[in-house]
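Listed below, chain by chain, are the residues.
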Amino acid sequence: MDHDIAQPRDIPLNLYKNAAPLHVTVIENRRLTPEGSDNEFRHVVLRYPPGTYRYLEGQSAGIPPPGLNVRGRPNVPRLYSIASDRLGDDGTGTSLTLTVKRLVLMDENGEVRLGLASNYLCDARPGDELKMTGPAGKDFLLPDGPRTPMVMIATGTGIAPFRAFLQHWRQQPRAERGFAWLIFGVQHDEDLMYHQEWQQLQEEPDFRVDYAISREERTPDGRRMYVQDRMRAIGQPLWELLSAPETAVYVCGIKGMEIGIETTLNEQAQAVGVDWVRLREEKREARRWHVEVY
Ligand code: NAP
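First, a word on what this report is: a plain description of the structure on this page.

Rules and cut-offs
- Residues numbered from 1 in each chain as written.
- Predicted model: local features only at pLDDT ≥ 70, side-chain atom pairs only at ≥ 80, totals over all residues.
- Heavy atoms only, no water.
- Axes fitted to C-alpha atoms, helices over the stretch in contact; angles between N-to-C directions.
- Helix = DSSP H or I, 4+ residues; strand = E, 2+ residues; numbered from the N terminus.
- Parallel < 35°, antiparallel > 145°, perpendicular 65-115°, else oblique.
- Left-handed = near helix turned anticlockwise from the far one by under 90°.
- Contact = heavy atoms within 4.5 Å.
- Nonpolar A, V, L, I, M, F, W, Y, C, P; charged D, E, K, R; others polar.
- Buried < 20%, exposed > 50% of the residue type's maximum accessible area, 1.4 Å probe, protein only.
- Phe/Tyr/Trp six-rings, centres within 6.5 Å; stacked < 30°, edge-to-face > 60°.
- Lys NZ or Arg CZ within 6 Å of the ring centre and 35° of its normal.

**Some details on the packing of helix 4 (residues 227–234) against helix 6 (residues 257–271)**
- Following both chains from N to C, one finds helix 4 and helix 6 inclined at 20 degrees, their axes separated by 8 Å at the closest point. Between helix 4 and helix 6, the interaxial angle falls into the category roughly parallel. For the crossing formed where helix 4 meets helix 6, the hand is right-handed. Taken together, the residues of helix 6 that come into contact with helix 4 (itself represented by Val-227, Gln-228, Met-231 and Arg-232) are Met-257, Gly-260, Ile-261, Thr-264, Leu-265, Glu-267 and Gln-268.
- The residue inventory of the contact of helix 4 with helix 6, partitioned by class, reads five nonpolar, four polar and two charged.

What follows is the structure in structure tokens.
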């Protein structure tokens, strides 16, 4: 069925490698967070020639930063989750979108260090040509069956694959898709990337979004509000959806979130006499549990 949310069996993989990357053109690069805010998140759209690249929602593209590494070899590509559906934001099948955070770190001597690939991408201008590899990833993909509910838990730029998922989901007939619930954690209100898109989706009766704004909200015991705390606060309705065997659960973002989410789900499972580890493993085997954190 053409409109089926089912995942096609042929997954495009590594069509381009670092030795022979695809040349793509930057067609848009805009800041998603206000000028002067702590975090600079950017929306970068790359155009490729028709018929040269294919990808599915949830896959990543590789961008090799220019220059050589310490061993004198070309820098290896950094992987970025693709934030647009398979046809791209413009629906032409010739572009993809990346959501990039400018990495600015302080080293032990108090010197500012700029992340190589993220700064290269953040500084790219429309018209610039970049090299691209991929697509990569064959597990973090849309569920392989219609009417499958999805729970998506994101922190920071981990929102990227869920924007792609939800673009695809939105185009499915309501009867063919499952309930979609997004839990999104960022530091500040202004970091809520694509906020308007989530607000618009709220008009759909089968979509819900909840936020955890870590540096502006507090948990009842006075800690920063993280996604796992929001999940605990929502409680039963989310647990009921998430724990249903058919529901596909996706976690994407910062590494520490995984253990936090596990703790919340363990508590919630125990409260209703369910063995969470067993349920999670059953879900994993059924390709209903997907985690991409780093
Ligand atoms: P960030 O701004 O550093 O953090 C996003 C939110 O996560 C903040 O509210 C932060 O809170 C919170 N957070 C920090 N520790 C947490 C924990 N233990 N549990 C739950 N939440 C926690 O995010 P970012 O810089 O965009 O980084 C996102 C991460 O996702 C990066 O490590 C990136 O590499 C990764 N990522 C992975 C993929 C993928 O695997 N495909 C794709 C995109 C991004 P506070 O800072 O206030 O403590």
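**A word on helix 5 (residues 236–243)**
- Along helix 5, the residues that are buried comprise Leu-238, Trp-239, Leu-241, Leu-242 and Ser-243.
- Elements that come into contact with the buried residues of helix 5 comprise strand 9 (150–155), strand 10 (180–186), helix 4, strand 12 (248–253), helix 6 and helix 7 (276–285).

**Thoughts on the packing of aromatic side chains**
- Per the counting criterion, the structure on display carries 15 aromatic pairs.
- Seen in terms of ring centroids, Tyr-48 and Tyr-53 are 5.4 Å apart; in terms of plane orientation they differ by 50 degrees. Their pairing is tilted.
- Taking relative accessible area as the criterion, Tyr-53 reaches 4% and is therefore assigned buried.
- In this structure an aromatic cluster arises from ring pairing among Tyr-16, Tyr-48, Tyr-53 and Tyr-55.
- If you follow Arg-163 out to its NZ or CZ, it ends over the ring of Tyr-194, 4.4 Å from the centre.
- Directly above the aromatic system of Trp-169 lies the positively charged group of Arg-177, at a separation of 3.8 Å from the ring centroid.

Nothing here speaks to function; it is geometry throughout.
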